[in-house]
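# Architecture at a glance
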Amino acid sequence: MAGQPEDVVRSLREGMAGGVLSFPLTAFHADGSLDVDGFREYVGGQLAAGPGALFPACGTGEFFSLDEDEYRRVVAVSVEEAGGRVPVVAGVGYGWAQAVRFARVAEEAGADALLVLPHYLVAAPQDGLVAQLERIAARTSLPLIAYQRGQVAFTADSLTRIARIPGVIGLKDGHSDLDRLQRLTLAAPEGFLFFNGAATAEIQARAYAAVGVPAYSSAVHAFAPEIADAFFAALGAGDHGTVDKLLRDFYVPFVELRDRVPGYAVSLVKAAARLRGRPVGPVRAPLTDPSAADLADLKALLTAGLDLVGAMPVAEPGWTTPTVPRW
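### Some remarks on empty space enclosed by the protein
According to the stated counting rule, one finds 1 cavity of 30 Å³ or more in the structure shown. Elements represented by at least two residues in the lining of the largest cavity include exactly α5 (126–137) and β5 (144–148). Sorting elements by how many residues they give to the lining of the largest cavity places α5 first, with 3 residues. Classifying every residue of the lining of the largest cavity gives 9 nonpolar, 2 polar and no charged.

Right, here's the structure in full:
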């Protein structure tokens, strides 16, 4: 599907209107090594659920723990499995020089665009945030989507500047500062893409839509696309009764469980996928897999959530938490 930025924008816009954005988990073996076959099987299942786009090797996919060869294989498998049906947007990050190295790998692997994850550690002024994107954009032919979260937060003035950078096509927001976000959407040129990248984005999906950002990524889609798709359909249809019920009985309790331990935004999602029998394996350090007590609570909540949408109950894959090396 890779082509001109306007082609990627068009395909992303169409996908974002028709489904949630999938951020697949990266599969590892019990010893922590990359499980390419497991990842291929898992991504095939994600695509079968009909997401609007596929974002491999991003935060949920533990980009921060992948070396370049592993990254290449993850992106290549995603492109192969997608087969041009949906856009594939690969994550890149760290400083701009390292982001460019990953960008070249993603380009060679056939990705359609790149999501520029927040840079490592340091706070930076607005001029520096803009320069970061300028340097990456100048060194890749792939369109870029900026991701503001953590230490990255653009002002309206900076948004107009990055929107003028050739190849920068959109912004993912993870701050959930709706005042700031409204200012950004008003400052953006026509056609610039925005989507809700808050953790468990469904919680704030109505609020984001009210400021002109209806599209969102869904961590729940990574383990229960049935629940994610039911929510997306209800929200699109204005069925606020169903939206409220799913929020009250599944999403809010899930967020409360997620907030118990740092890193559960990824490791709890991966544990839920394992409960569904998906071959994703453990997380890599510094993340840790959920405790037995939290896993039991997760299983009960997942079973209840699937029941809410009339989906199959939790699988019993016989998973036991392995001892994994220090990566």
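Now that the structure has been shown, we can carry on.
### Remarks on the packing of helix α2 (residues 36–48) against helix α3 (residues 68–82)
Running from N to C, α2 and α3 cross one another at 40°; their axes reach a closest spacing of 10 Å. Of the possible angle classes, the one that applies to α2 and α3 is oblique. Classified by chirality, the crossing of α3 by α2 is right-handed. Counting all contacts with α2, which are made through Val 36, Phe 39, Arg 40, Val 43, Gly 44 and Leu 47, the residues of α3 involved are Arg 73, Val 74, Val 77, Ser 78, Glu 80, Glu 81 and Ala 82. When the residues that make up the contact of α2 with α3 are grouped by side-chain class, the tally is 7 nonpolar, 2 polar and 4 charged.

### Description of the nonpolar core
Grouped together as the largest cluster of nonpolar side chains are 111 residues, with contacts concentrated most on Phe 55, Tyr 71 and Phe 223. Setting aside anything within four residues of it in sequence, one finds Phe 55 in contact with Leu 21, Ser 22, Phe 23, Pro 24, Val 89, Leu 115, Ile 145 and Phe 195.

### Re unusual backbone geometry
The bulk of non-glycine residues show a negative phi, and the bulk of peptide bonds are trans. The step from Ala 285 to Pro 286 runs through a cis peptide bond, and the omega angle for that step is 20°. On the secondary structure map, Pro 286 appears in the loop between α11 (264–275) and α12 (292–308). The backbone of Glu 62 sits at a positive phi, close to 55°, despite the residue not being glycine. Within the secondary structure layout, Glu 62 lies in the loop between β2 (53–54) and α3. What makes Glu 62 buried here is its relative accessible area of 0%. With a phi angle near 60°, Ser 176 is a residue other than glycine that sits in the positive phi range. Tracing the sequence through the fold places Ser 176 in the loop between β6 (168–173) and α7 (178–187). Owing to a relative accessible area of 22%, Ser 176 belongs among the partly exposed residues under this scheme.

### Topic: the packing of aromatic side chains
Overall, the coordinates contain 13 aromatic pairs when judged by the stated rule. Summarising the aromatic geometry, the rings of Phe 223 and Phe 254 are spaced 5.5 Å apart at their centres and angled 40° between planes, so their arrangement reads as tilted. You can see Phe 223 sitting in the loop between α8 (205–210) and α9 (225–237) and its partner Phe 254 sitting in helix α10 (residues 240–258), a full 31 residues away along the chain. As far as burial versus exposure is concerned, Phe 223 and Phe 254 are alike and both buried. Taking the centre distance of 5.1 Å and the plane angle of 80° together, the rings of Phe 250 and Tyr 251 count as edge-to-face. Judged by relative accessible area, Tyr 251 falls into the buried class, the value being 0%.

Reading the values: rules and limits
- Residues numbered from 1 in each chain as written.
- Predicted model: local features only at pLDDT ≥ 70, side-chain atom pairs only at ≥ 80, totals over all residues.
- Heavy atoms only, no water.
- 1 Å grid on protein atoms, 1.4 Å probe; cavity = no way out; pocket = protein on both sides within 12 Å on 5 of 7 lines; lining within 4 Å.
- Points joined across faces, edges and corners; volume = space filled by probe spheres on them.
- Helix = DSSP H or I, 4+ residues; strand = E, 2+ residues; numbered from the N terminus.
- Nonpolar A, V, L, I, M, F, W, Y, C, P; charged D, E, K, R; others polar.
- Axes fitted to C-alpha atoms, helices over the stretch in contact; angles between N-to-C directions.
- Parallel < 35°, antiparallel > 145°, perpendicular 65-115°, else oblique.
- Left-handed = near helix turned anticlockwise from the far one by under 90°.
- Contact = heavy atoms within 4.5 Å.
- Core = buried A, V, L, I, M, F, W, Y, C linked by side-chain atoms within 4.5 Å.
- Buried < 20%, exposed > 50% of the residue type's maximum accessible area, 1.4 Å probe, protein only.
- Phe/Tyr/Trp six-rings, centres within 6.5 Å; stacked < 30°, edge-to-face > 60°.

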